[in-house]
Amino acid sequence: ASGQLWFSREAMSSSLKNIVRGQVHSSSSAEVLGAKYELSTKEQKVFMYLVQGYSNKEIAGQLSVSLSTVKTHVSHILSKTGKQSRSQLGSLMVE
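Residues numbered from 1 in each chain as written. Predicted model: local features only at pLDDT ≥ 70, side-chain atom pairs only at ≥ 80, totals over all residues. Heavy atoms only, no water.

Draft legend 1. Broad picture of the environment of A60. Structurally, A60 can be placed in helix 4 (residues 56-63). The buried category is assigned to A60, whose relative accessible area is 8%. When the C-alpha atoms of A60 and V70 are compared, they prove to be 6.1 Å apart, with 10 residues separating the residues in sequence. Every residue in contact with A60, bar those within four places of it in the chain, is listed here: V65, S66, L67 and V70. (Helix = DSSP H or I, 4+ residues; strand = E, 2+ residues; numbered from the N terminus. Buried < 20%, exposed > 50% of the residue type's maximum accessible area, 1.4 Å probe, protein only. Contact = heavy atoms within 4.5 Å.)

Printed below as a string of structure tokens:
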């Protein structure tokens, strides 16, 4: 198959994750969503990391807070937005 490139699943997964993380979600979108759903400032920060695909542990490291604090924020975000899972939160950015 000339002209085609083949990549391992791991390489593709890593590349796609980096692309998604590299996409800049504007802070104004977070502020609008924060106001709409009455998210606290910390919840807005956690939300932005969530939609970029960060794990709870990675978010805790980025914000210098405990893992349990991040889990609490995620729980509040899901409750306030009416979403059932973190994977559904990304849809809020395009609504």
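Draft legend 2. Structural context of helix 3 (residues 41-51). Within helix 3, eight of the 11 residues are buried, which leaves it mostly tucked inside the rest of the structure. Of the positions making up helix 3, those classed as buried are E43, Q44, V46, F47, M48, Y49, L50 and V51. Phi for G53, located one or two positions after helix 3, is positive at around 90°.

Draft legend 3. View of the environment of L50. With respect to the helices and strands, L50 occurs in helix 3. The class for L50 is buried, based on a relative accessible area of 8%. The spatial distance from the C-alpha of L50 to the C-alpha of G90 is 8.1 Å, given a sequence separation of 40 residues.

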